[in-house]
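Chain by chain, the residues run as shown.
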Amino acid sequence: KLFQHKARASGPSPGRVPDAMAPAARMYSLEVPNTVDKERGWGPIHRGVDALPPMLGMRDIETGMLVTTSYENFVLARMKYPNEPYLGHRPVLPDGSVGPFVWLTFEEVGKRSDAFGAGLMHLGLCPDTGDEDLMGKGLLGFYSKNRPEWVIAEQGCYSQS
């Protein structure tokens, strides 16, 4: 069975688009067989139908890139907005007050995080574990106050996974 948009056979009602102007029937989903539960009053489950396989994430309209992780989202933003401010902090002044925000751009953070991630690998700080559950990848933990360097290190680790 198909769940479709169908134009009504009767004439137009006030404020309604005439049937001749309505879009042609379009298939939006397919009914999953054997999913009706009449005892509970549940109708069938429908699955979306389009040219794309089922996926989690979002597709960027401008680039077509499928974003499924926070790192991919950062890479996309870096590509689209390299010179826009991304990561800021307020330095503490000698009198203990805080100064105005100082910003790093997406590209500046990207270069620093790429270098951090490459440095971890070069120094062998994330050796392969041989652990099947980890797909052989190494483990790394670090602790820091909330600050720009933590985000840069985080993105650097993501760049190597």
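Everything that follows concerns the structure shown earlier in this document.
Just so we're clear, the structure is a prediction, and the values are computed from it rather than from any experiment. (Residues numbered from 1 in each chain as written. Predicted model: local features only at pLDDT ≥ 70, side-chain atom pairs only at ≥ 80, totals over all residues. Heavy atoms only, no water.)

Participant: Explain the pattern of salt bridges to me, and be specific about the residues and the numbers.
Facilitator: Tallied over the full model, the rule gives 6 salt bridges. With its nearest N and O atoms 2.9 Å apart, the salt bridge here joins Asp60 to Lys80. Linking Asp60 in the loop between strand E4 (58–59) and strand E5 (66–67) with Lys80 in helix H1 (residues 70–80), this pair joins segments that are 20 residues apart in sequence. Among the residues examined, Lys80 registers a relative accessible area of 23% and is labelled partly exposed. Among the salt bridges present, the one from Glu149 reaches Arg147, with a minimum N-O distance of 2.8 Å. Note on Arg147: relative accessible area 43%, which makes it partly exposed. (Salt bridge = Lys/Arg side-chain N within 4 Å of Asp/Glu carboxyl O. Helix = DSSP H or I, 4+ residues; strand = E, 2+ residues; numbered from the N terminus. Buried < 20%, exposed > 50% of the residue type's maximum accessible area, 1.4 Å probe, protein only.)

Participant: Could you give me a rundown of the environment of Thr63, with the residues and numbers involved?
Facilitator: You can see Thr63 is positioned in the loop between E4 and E5. Of the residues examined, Thr63 reaches a relative accessible area of 39% and is grouped as partly exposed. In sequence terms Thr63 and Met79 are 16 residues apart; their C-alpha atoms lie 10.0 Å from each other. Contact partners of Thr63, with chain neighbours within four places excluded, come to Leu76 and Met79. A polar side-chain atom of Thr63 sits 2.8 Å from a polar atom in the side chain of Asp60. (Contact = heavy atoms within 4.5 Å. Polar contact = N/O pair within 3.5 Å; in protein donor to acceptor, adjacent residues only side chain to side chain.)

Participant: Got a sec to walk through unusual backbone geometry? Specific residues and values, please.
Facilitator: Despite not being glycine, Asn34 has its phi angle at roughly 60°, a positive value. Counting through the fold element by element, Asn34 comes out in the loop between strand E2 (27–31) and strand E3 (46–48). Residue Asn34 is classed as exposed on the basis of its relative accessible area of 81%. Of note, the phi angle at Met135 is positive, near 55°, even though the residue is not glycine. Here Met135 lies in the loop between helix H2 (106–122) and helix H3 (148–158). A relative accessible area of 69% means that Met135 is categorised as exposed.

Participant: Lay out the side chain of Asp60 in plain terms, naming residues and giving numbers.
Facilitator: Take Asp60: its relative accessible area is 9%, and that puts it in the buried class. If near-sequence neighbours (up to four positions away) are discounted, Asp60 is found in contact with Met65, Leu76 and Lys80.

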